[in-house]
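Next come the chains, spelled out residue by residue.
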Amino acid sequence: MVHDRSSEKWLSHASDTEDMSMVLAPRLAYFAGVARHEHVTRAALEMGVPQSTLSRAVVRLEQDLGVTLFARKGRTVSLTPAGRTFLASVERALGEVERAADEVRADADPRAGKVAFGFLHTMGSETVPALLRAFRADHPKVRFTLVQNYGEAMLGGLRTGELDLCLTSPVPEAPDLVARRLDEQRLRLVVPDDHRLAGRRRVRLAEAADDVFVTLEPGYGLRRITDALCAQAGFSPKIAFEGEEAETLRGLVAAGLGVALLPPPAVPRPGVVELTVTSPRAVREIGLAWLDGHPDTPPVAAFKRFLLSRRGHLLPK
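Residues numbered from 1 in each chain as written. Predicted model: local features only at pLDDT ≥ 70, side-chain atom pairs only at ≥ 80, totals over all residues. Heavy atoms only, no water.

S.K.: Is there a simple way to think about the sheet that holds strand E3 (residues 114-119) in this case?
M.R.: Strand pairing in a sheet relies on backbone hydrogen bonds. The paired strands run either parallel or antiparallel. Spatial ordering of the open sheet is given by E4-E3-E5-E13-E6, a layout of five strands whose pairing is mixed. Two strands bound the open sheet, and with one partner strand each, they are strand E4 (143-148) and strand E6 (177-186). Adjacent strand axes in the sheet meet at a mean angle of 20°, parallel and antiparallel pairs treated alike. In terms of strand pairing, strand E5 (residues 165-168) meets strand E13 (residues 283-291) through three bridges, oriented antiparallel. The residue of E13 that forms the bridge with Thr-168 is Gly-287. Along the sheet face, helix H7 (residues 151-160) touches E3, E4, E5, E6 and E13 and points at about 165° away from the line of E5. (Pairing = 2+ DSSP bridges. Helix = DSSP H or I, 4+ residues; strand = E, 2+ residues; numbered from the N terminus. Axes fitted to C-alpha atoms, helices over the stretch in contact; angles between N-to-C directions. Contact = heavy atoms within 4.5 Å.)

S.K.: What is the right way to read the sheet that holds strand E8 (residues 202-204) from this model?
M.R.: An order of E8-E12-E7-E11 is seen for the four strands of this open sheet, with the pairing classed as mixed. A strand with exactly one partner marks an edge of an open sheet, and here the two such strands are E8 and strand E11 (260-262). Looking at each pair of strands side by side, their axes are set apart by 45° on average, direction ignored. Pairing analysis gives five bridges linking strand E7 (residues 188-192) to strand E12 (residues 272-279), with the strands arranged antiparallel.

Here it is as structure tokens:
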């Protein structure tokens, strides 16, 4: 093992000013190649680099570490005990890098890449499966990571890179996002089947001003829309229960625990009656959002084009 004052001083300085991984990383593949052949000339031929470049890189690596990795005899080299210890870790690290490179290349593959796609819970049972089926008719090998969540959480996922695209409501307005309105969905006043309004087909929302409501929790887009529509109708809703999922709310309505403004169900639920709201106009806009300036991989770009082409025809009619 070599320990001299100059190398110790340099190593200490590097530790203070730079992450050692940044210093060492460019030379690790060269080290592994020489170690594999135990011959500088053969390693240089295999790796397609000048022999002098390879030799300098290995010497500099030893200087950076302050450790002798090879015993040298002419062009032939052999690993020292320290070199063998270092090689085991280097091979694992290089293997991880190679696997990561393979993974990101696979995710970006135009034919079989991956799309991270977020959508509202209320779109999970019918709308999204139909969209994916239609898209995969022409892109059968594209893979999806699907995330169901409420709107603000999905916008956060776009910003952190967890999501490539999301279907959300209301359509967001933010300087760092791009959003396109795709469709609108009528909301209905859902009441228990023994409610005083249950015999009606249409109703003004103000007629429910004295009822208690079951709603989604604050932060959900549908909750903001419910509050805004009630305000337009001239009242503030009395909230009995708050939940996280529309079908749970529909169950609470069926149990007689309140009324709710909800999008249509995928399958009719017994115990409730769903009334058309004539005033105010009760709809929610559904939009597609993505991070502004974020480059799309080919599969993400293809799915984005597909969704934008469904404008006005996104939701089942």
